[in-house]
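For reference, the chains in residue letters:
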Amino acid sequence: MIFWDKFESPVGELYAAEKDGSITMIGHKESAERYFRKSGSGGSGIPENAERRRTEVIERAVFQLNEYFEGKRKKFDLPLAPEGTDFQLKDWKALCEIPYGETRSYRDIAEAIDCPGGYRAVGMANNRNPIMIVIPCHRVIGANGSMVGYGGGIPVKQYLIELEKNNI
């Protein structure tokens, strides 16, 4: 069974999903729709095996995200179970190694996961990150320091990077 809920945040309405006691998705409406399609709805609707309920794990995620937005939390302590390919999982793990308030380039991440030259593949994996903010794909920028590619939109990416830099 998948449990989910939505909540307001400084970056807009976010959705969170949990399966088997672990967070499997945090994102905007588009991310939630993509997640639910992958989870068996076929269309853009919510699958039959999903129920809207604020579970203890989702409540913890919302609480920790609120602390993050207040500048009080720099690390998350949540059980995570993102679903993806082996390459995506490797990429997302590397993203979690980027320290709060710092950024890395797509090339840096590609090299960190032993895929030199795979920065475009890293970009695609980041685009499919199902757990925004907690798996911090917003910390990945262009090699020249430019704000490029973020599923939540460039203004959200800039907001998150500034939030962290202002609270180091």
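That block above? That's the structure.
Read on for an overview of the structure. None of the values given here were measured: they were computed from a predicted structure.

### Overview of helix 5 (residues 119–127)
So, point 1. When we look at burial in helix 5, the residues that qualify are Val 122, Ala 125 and Asn 126. The buried residues of helix 5 occupy an angular sector of 100° when the element is viewed end-on, so they sit on one face. Every exposed residue of helix 5 that faces more than 90 degrees away from the buried side is listed here: Arg 120 and Met 124.
So, point 2. As for helix 5, its buried residues are in contact with helix 3 (86–95), helix 4 (106–112) and strand 6 (140–141).

### Some words on unusual backbone geometry
So, point 1. Look at Asp 20: it is not a glycine, yet its phi comes out positive at around 55°.
So, point 2. By the element assignment, Asp 20 lies in the loop between strand 2 (12–19) and strand 3 (22–27).
So, point 3. By relative accessible area, which is 68% here, Asp 20 ends up exposed.
So, point 4. Of note in the backbone geometry, Asp 114 takes a positive phi value of approximately 55° without being a glycine.

### Regarding the packing of helix 3 against helix 5
So, point 1. One can describe the packing of helix 3 onto helix 5 by two numbers: an axis separation of 9 Å at closest approach and a directional angle of 85°. Here helix 3 is positioned roughly perpendicular relative to helix 5, judged by the angle of their axes. Contacts from Phe 87, Gln 88, Asp 91, Trp 92 and Leu 95 in helix 3 reach Ala 121, Val 122, Ala 125 and Asn 126 in helix 5.
So, point 2. Its residues placed into classes, the contact of helix 3 with helix 5 shows six nonpolar, two polar and one charged.

### Details of the pattern of salt bridges
So, point 1. All told, the structure shown has 10 salt bridges when counted by the stated rule.
So, point 2. Between Arg 52 and Asp 5 there is a salt bridge, with the nearest N and O atoms lying 2.8 Å from each other. One end of the pair, Arg 52, is in strand 4 (residues 50–52); the other, Asp 5, is in strand 1 (residues 2–9), and 47 residues separate them in sequence.
So, point 3. For Arg 52, a relative accessible area of 46% corresponds to the partly exposed category.
So, point 4. Residue class for Asp 5 comes out buried when judged on its relative accessible area of 9%.
So, point 5. When the shortest N-O distance is used, the salt bridge between Glu 67 and Arg 73 registers 2.8 Å. This pair shows no difference in class: Glu 67 is buried, exactly as Arg 73 is.

Reading the values: rules and limits
Residues numbered from 1 in each chain as written. Predicted model: local features only at pLDDT ≥ 70, side-chain atom pairs only at ≥ 80, totals over all residues. Heavy atoms only, no water. Buried < 20%, exposed > 50% of the residue type's maximum accessible area, 1.4 Å probe, protein only. Helix = DSSP H or I, 4+ residues; strand = E, 2+ residues; numbered from the N terminus. Arc of directions from axis to C-beta. Contact = heavy atoms within 4.5 Å. Axes fitted to C-alpha atoms, helices over the stretch in contact; angles between N-to-C directions. Parallel < 35°, antiparallel > 145°, perpendicular 65-115°, else oblique. Nonpolar A, V, L, I, M, F, W, Y, C, P; charged D, E, K, R; others polar. Salt bridge = Lys/Arg side-chain N within 4 Å of Asp/Glu carboxyl O.

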